[in-house]
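Residues per chain, in single letters:
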Amino acid sequence: MSVVVLLLFAGLSEAAGRILPLLARRPGMPRTLVAGSLLTAGLVEAAVFALWPLTAWTLSELVVSSPPPGDGLEWTAGLVAPLLLSAVLAFPLLGPLLHLLLFVGVGAGLAGPLAEASGLGWWGAAGCVAVAGTGLGVAVEAVRRLVVRISAPRTTEPIS
């Protein structure tokens, strides 16, 4: 249960770091819309964080020739805590480079348990974690941009 709570907090923090700067540029938005957007985005981010080990495990199954001997890779409270810290630092003014370095650290932390569970070497497991994290990040960013494009107010040209 603590892992779920930590993942939800990390998702909400990551969403706040991405949504609040956008909302600051659009004053006058209804508070219910802001709260709904923040909650929805936080749940999506938490789901993506939760999928990271599962996606890395699936990639490791594709890499090894025989099925991995382990049961899979799951988040533990010790692995999620640095993720929560990196999500808190997602606020753009607090340092995107530090945020990226913390995500790399979290990924390195996931590589060890993945290597043990799958039978891959550490570098192979780190590659699976990196590809999974990058793929999930690109997918979320694409959806985020699509939502922004769809929800952006349209300006009409004056009829002359």
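Residues numbered from 1 in each chain as written. Predicted model: local features only at pLDDT ≥ 70, side-chain atom pairs only at ≥ 80, totals over all residues. Heavy atoms only, no water.

*Asks:* Can you tell me about the packing of aromatic side chains, naming the residues and giving the values?
*Replies:* If you walk through the whole model with that rule in mind, you get 1 aromatic pair. Measuring from centroid to centroid gives 5.0 Å for Trp122 and Trp123, while their planes differ by 90 degrees, and the two rings are edge-to-face. Here Trp122 falls in the partly exposed class, since its relative accessible area comes to 37%. Overall, Trp123 belongs to the exposed group, its relative accessible area being 71%. (Phe/Tyr/Trp six-rings, centres within 6.5 Å; stacked < 30°, edge-to-face > 60°. Buried < 20%, exposed > 50% of the residue type's maximum accessible area, 1.4 Å probe, protein only.)

*Asks:* Which residues make up the environment of Leu8, and what are the values?
*Replies:* Looking at the element boundaries, Leu8 is found in helix H1 (residues 2-24). The spatial distance from the C-alpha of Leu8 to the C-alpha of Val44 is 9.4 Å, given a sequence separation of 36 residues. In this structure Leu8 touches Leu43 and Ala46, once residues within four positions along its chain are discounted. (Helix = DSSP H or I, 4+ residues; strand = E, 2+ residues; numbered from the N terminus. Contact = heavy atoms within 4.5 Å.)

*Asks:* I'd like to hear about the nonpolar core, residue by residue, with values.
*Replies:* With 29 residues, the main nonpolar core has Leu7, Trp52, Trp75, Val80, Leu110, Leu114 and Val129 as its most contacted residues. Put simply, the parts of the chain that give this core at least two residues each are H1, helix H2 (31-63), helix H3 (77-88), helix H4 (96-118) and helix H5 (122-151). Ignoring any residue separated from it by four or fewer positions in sequence, one finds Leu114 in contact with Ala56, Trp57, Ser60, Leu73, Gly119, Ala125, Cys128 and Val129. (Core = buried A, V, L, I, M, F, W, Y, C linked by side-chain atoms within 4.5 Å.)

*Asks:* Could you give an account of a nonpolar patch on the surface, naming the residues involved and the relevant values?
*Replies:* The grouping of Met1, Val4, Val5, Leu8, Phe9, Leu12, Leu39 and Leu43 at the surface amounts to a nonpolar patch, some 760 Å² of accessible area in total. Within the residue set of the nonpolar patch, elements represented by two or more residues are H1 and H2. It is H1 that contributes the most residues to the nonpolar patch, 5 residues altogether. Along the chain, the position of Met1 falls in the segment before H1. Given a relative accessible area of 78%, Met1 falls into the exposed group. (Patch = residues over 30% accessible without salt bridge, like charges linked within 9 Å, V, L, I, M, F, W, Y side chains within 5 Å. Areas by Shrake-Rupley, 256 points an atom, 1.4 Å probe, with all protein chains shown as cover. Salt bridge = Lys/Arg side-chain N within 4 Å of Asp/Glu carboxyl O.)

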